[in-house]
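Residue-level listing of the chains:
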Amino acid sequence: MNDGPRWQKPVGMLIILALIAIWCVGIVSLSPWIGQWHPVVQLVFYVVAGVAWLWLLPMRRMLSWMETGRWRR
């Protein structure tokens, strides 16, 4: 039987989903300006924005906390 924390996984999952939603709303709110750019530049922006949130949010620590209950570096 797993002695690890049980409530951290669903709470962590909800936090991650909320952070993704906030990030998406933030990026989409820029669309009036981004929509005026060249399509290739838009593509690059959205690809970078789609990957950048992984570096900006402490996902490794969040996943570690969800599994162990401790906020590790």
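We now turn to the structure provided with this report. Quick caveat: nothing in here was measured; it's all calculated off a predicted structure. (Residues numbered from 1 in each chain as written. Predicted model: local features only at pLDDT ≥ 70, side-chain atom pairs only at ≥ 80, totals over all residues. Heavy atoms only, no water.)

1. Here's the deal with the overall build of the protein chain
The line we're drawing: To qualify as a helix, a DSSP run of H or I must reach at least 4 residues; to qualify as a strand, a run of E must reach at least 2; elements of each kind are numbered from the N terminus. When accessible area is computed with a 1.4 Å probe and restricted to protein chains, residues below 20% of their type maximum are described as buried, those above 50% as exposed, and intermediate ones as partly exposed. Residues count as neighbours in contact if any of their non-hydrogen atoms are within 4.5 Å of one another. All accessible-area figures derive from a Shrake-Rupley calculation using a 1.4 Å probe, and residue coverage is judged against the displayed protein chains alone.
Scanning the protein chain for helices and strands turns up 4 helices and 0 strands. When the 73 residues of the protein chain are sorted by exposure, 23% land in the buried category. Put simply, of all contacts in the protein chain between residues at least 6 apart along the chain, 57% involve residues at least 24 apart. Accessible surface, the protein chain: about 5700 Å² in total, of which carbon and sulfur atoms supply 72%.

2. Points about helix 4 (residues 59-68)
For helix 4, every residue scored as buried is listed here: Met59, Met62, Ser64, Trp65 and Met66. Once helix 4 ends, the next one or two residues include Gly69, with phi positive near 90 degrees.

3. A word on the side chain of Gln42
Spelled out, the test is: A 3.5 Å cut-off defines polar contacts: any pair of N or O atoms within that distance qualifies, except that in protein one atom must be a possible hydrogen donor and the other a possible acceptor, and neighbouring residues in sequence count only when both atoms are side-chain atoms.
Here Gln42 shows up in helix 3 (residues 39-56). Accessibility expressed as a relative area gives 19% for Gln42, which makes it buried. A polar contact is formed between the side chain of Gln42 and the backbone oxygen of Trp37, at a distance of 2.8 Å. Gln42 has contacts with Ile34, Gly35 and Trp37, leaving out every residue within four places of it along the chain.

4. Looking at the packing of helix 1 (residues 8-28) against helix 4
Quick note on the threshold: Axis lines are fitted through C-alpha atoms, for helices just across the contact stretch, and the angle between N-to-C directions can take any value from 0 to 180 degrees. Every angle not falling under 35 degrees, over 145, or within 65 to 115 is termed oblique; those three ranges are roughly parallel, roughly antiparallel and roughly perpendicular. By the definition used in this description, the sense in which the near helix is turned from the far one sets the handedness, with an anticlockwise turn below a right angle giving left-handed and a clockwise turn giving right-handed.
The N-to-C vectors of helix 1 and helix 4 enclose an angle of 155 degrees; their axes lie 8 Å apart at closest approach. On the basis of their axis angle, the class for helix 1 and helix 4 is roughly antiparallel. As helix 1 runs across helix 4, the sense of the crossing is left-handed. When helix 1 is examined against helix 4, the residues Gln8, Lys9, Val11, Gly12, Met13, Ile15 and Ile16 are found in contact with a partner set consisting of Met59, Met62, Leu63, Trp65, Met66 and Glu67.

5. Thoughts on the nonpolar core
Spelled out, the test is: Definition of nonpolar core: a set of buried residues of the types Ala, Val, Leu, Ile, Met, Phe, Trp, Tyr and Cys, connected through side-chain atoms within 4.5 Å.
Ile16, Trp53, Met59, Met62, Trp65 and Met66 form the largest nonpolar core, which has 6 residues in total. Residue contributions to this core peak at 4 residues, all from helix 4.

6. So, a nonpolar patch on the surface
Going by this rule: Each patch groups residues whose relative accessible area exceeds 30% and which form no salt bridge, using 9 Å between like charges and 5 Å between nonpolar side chains of Val, Leu, Ile, Met, Phe, Trp and Tyr. What makes a salt bridge here is a side-chain nitrogen of Lys or Arg within 4 Å of a carboxyl oxygen of Asp or Glu, nothing more.
A contiguous nonpolar surface patch, about 540 Å² in accessible area, is contributed by Leu43, Val47, Val51, Leu54 and Trp55. Within the fold, Trp55 resides in helix 3.

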